[in-house]
Amino acid sequence: MVAVINTGHSIRGIFIYNENKVSQGTAVCIGEGNYPIDIEKMSENFKLGVFLKQLQLNENVKRSAVHISLNFDRSDKDLSKEKLMQIASSYMEKIGFGAQPYLVYQHHDAGHPHLHIAAINVRADGSRINMHNIGRNQSETARKELEISFNLVRADSRKKQSPALINAIDAEKIKYGAIDSKRAIGSVLSAVIPHYKYTTLGELNSVLNLYNVKAERGKENSKMFQNKGLIYQILDESKKTVGVPIKASSFYSKPTLSRLEINFAASKTSRMINMKRTRNAVDLLLLKYPSITLSQLETRLANQGITAVVRKNEQGFIYGMTYIDHNTRCVFNGSSLGPEYAAKGLLQRLGHSSHYEKQYTVADGTAQKHGSFISAGEVQRIIDEVLYAGTPSDYVPREFKNKRKKRKRKGQSDNN
């Protein structure tokens, strides 16, 4: 189970969001906590009125609205309405909201079962519930306890780790002749080239470099480059080439440039479906951790099976980013995902610029990006796609699609 807590200024906005989902047939209000009458007997005005009346007890609390989503694994079974309400009630009790009024909605607009809970953090005596680190402390403890007590799939077991199927070449052993260079390089090439999706030699090298191998065409004016030749070399710990270069044509699999170019062309289309997961993994981390550093981002992406390769020049200036998703086995140069994922754009989002303007802020249960708002539903979609790598999901709710202006036909004036 994965729990996400957001706070905002408007409980009305959170309430309307969930009730609109009910009206559209993609959600059901399955229960409540601490309301005076049963959910079936309440009107929308009554549901909202309970929240608003209690909030009047302390109007100094600015971020009084609380929006929680509880996300379950697709393989979780027997999630009946009664069981979901038990989980929601137990969770709210464990995080200190057991006495608060709250509404529980079961949503059906994502690939996995999940609940949305609308609540407020002003108590019946007018005091405020402290929300500082509630997600990291109380919520994490509650999540782990509920996974055991309700026999749910554990979130920790879903974490994607980079597969340890390829052994990096030990350059020291190569130097002293303990390992045959050609055989060592060949084992890496056989594990990477047929299985990863890449569209340039640079993207391929981002993966090969992880295992101390490099593909090289030579200088542009060299005979090898002009004849579309290719060699492979071993890299040491400083990523400098060591040993004798070996021609691509001498390997059994014949990983020549002409053959790689076939892979380049095929990957341009086959990896498209997996771009969302990589983008969303970055977006969700920046959304969840507004003050995250580049180093921390690399670590957290690695926990999801994504290696972020930061390219620097000799002066230490960062000039490029490449993302290697080991779960979908796709390699993306940052710019191919979009300017905000390239080195310059990512550093700006991380605050490494005097002109930096935060692209993500949380307010009223929404995230703001470049002046437009991503609703809680869009955040839910991101969570779904990050949790389940490589699963095609082109469905986007109509209200989240960008509205396109209709093109005017030739001869059509503004006055028509």
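This structure is a prediction, so every number in the text was calculated from the model and none was measured.

Novice: I keep staring at unusual backbone geometry and nothing clicks. Help me out?
Specialist: Residues apart from glycine generally show negative phi values, whereas peptide bonds are mostly found in trans. Residues other than glycine seldom take positive phi values, yet asparagine 212 does so here, at roughly 65°. Mapped onto the secondary structure, asparagine 212 falls in the loop between helix 7 (201–208) and strand 6 (213–216). If you check the backbone angles, lysine 239 has positive phi at about 65° while not being a glycine. Here lysine 239 shows up in the loop between strand 7 (231–235) and strand 8 (241–247). For lysine 239, a relative accessible area of 43% translates into the label partly exposed.

Novice: When you look at the sheet that holds strand 7 in this model, what are you seeing that I'm missing?
Specialist: Through backbone hydrogen bonds, the strands of a sheet pair up, either in parallel or in antiparallel fashion. Pairing within the open sheet is antiparallel, and its 3 strands lie in the order 6-7-8. Of all the strands in the sheet, the pair left with one neighbour each is strand 6 and strand 8. With strand direction ignored, the average angle separating the axes of adjacent strands in the sheet is 25°. Sheet topology note: the strand 6/strand 7 ladder contains 4 bridges and is antiparallel. By the bridge assignment for strand 7, valine 213 is matched with isoleucine 234. Sheet strands in contact with helix 6 (residues 181–192) are strand 6, strand 7 and strand 8, and its direction is about 100° off that of strand 7.

Novice: Whenever I open this one, the packing of aromatic side chains confuses me. Can you help?
Specialist: The geometry of an aromatic ring pair is captured by the separation of the ring centres together with the interplanar angle, meaning the angle of the planes. This structure, assessed with the given rule, holds 3 aromatic pairs. Measuring from ring centre to ring centre gives 6.0 Å for tyrosine 198 and phenylalanine 264, while their planes differ by 80°; the resulting arrangement is edge-to-face. Taken together, the positions of tyrosine 198 in the loop between helix 6 and helix 7 and phenylalanine 264 in helix 9 (residues 257–270) put the pair 66 residues apart, joining distant regions of the chain. Exposure class is identical for tyrosine 198 and phenylalanine 264. Each is buried. Consider the rings of tyrosine 232 and phenylalanine 251, whose centres lie 5.8 Å apart with planes at 90°: the pair is edge-to-face. With a gap of 19 residues between them, tyrosine 232 in strand 7 and phenylalanine 251 in the loop between strand 8 and helix 9 connect regions that are remote in the sequence. The residues tyrosine 232 and phenylalanine 251 share a single accessibility class, namely buried.

Novice: What is the right way to look at the packing of helix 10 (residues 275–288) against helix 11 (residues 294–303) in this model?
Specialist: The axes of two packed helices give the description: the angle between them and the distance between them. Remark: helix 10 packs on helix 11, axes separated minimally by 11 Å, with the N-to-C direction vectors making an angle of 125°. The angle between helix 10 and helix 11 falls in the class oblique. By crossing handedness, the relation of helix 10 to helix 11 is classed as right-handed. Judged by residue contacts, Ala281, Val282 and Leu285 of helix 10 engage Leu297, Arg300 and Leu301 from helix 11. A breakdown of the residues in the contact of helix 10 with helix 11 according to their chemical character gives 5 nonpolar, no polar and 1 charged.

Rules used in this analysis
Residues numbered from 1 in each chain as written. Predicted model: local features only at pLDDT ≥ 70, side-chain atom pairs only at ≥ 80, totals over all residues. Heavy atoms only, no water. Helix = DSSP H or I, 4+ residues; strand = E, 2+ residues; numbered from the N terminus. Buried < 20%, exposed > 50% of the residue type's maximum accessible area, 1.4 Å probe, protein only. Pairing = 2+ DSSP bridges. Axes fitted to C-alpha atoms, helices over the stretch in contact; angles between N-to-C directions. Contact = heavy atoms within 4.5 Å. Phe/Tyr/Trp six-rings, centres within 6.5 Å; stacked < 30°, edge-to-face > 60°. Parallel < 35°, antiparallel > 145°, perpendicular 65-115°, else oblique. Left-handed = near helix turned anticlockwise from the far one by under 90°. Nonpolar A, V, L, I, M, F, W, Y, C, P; charged D, E, K, R; others polar.

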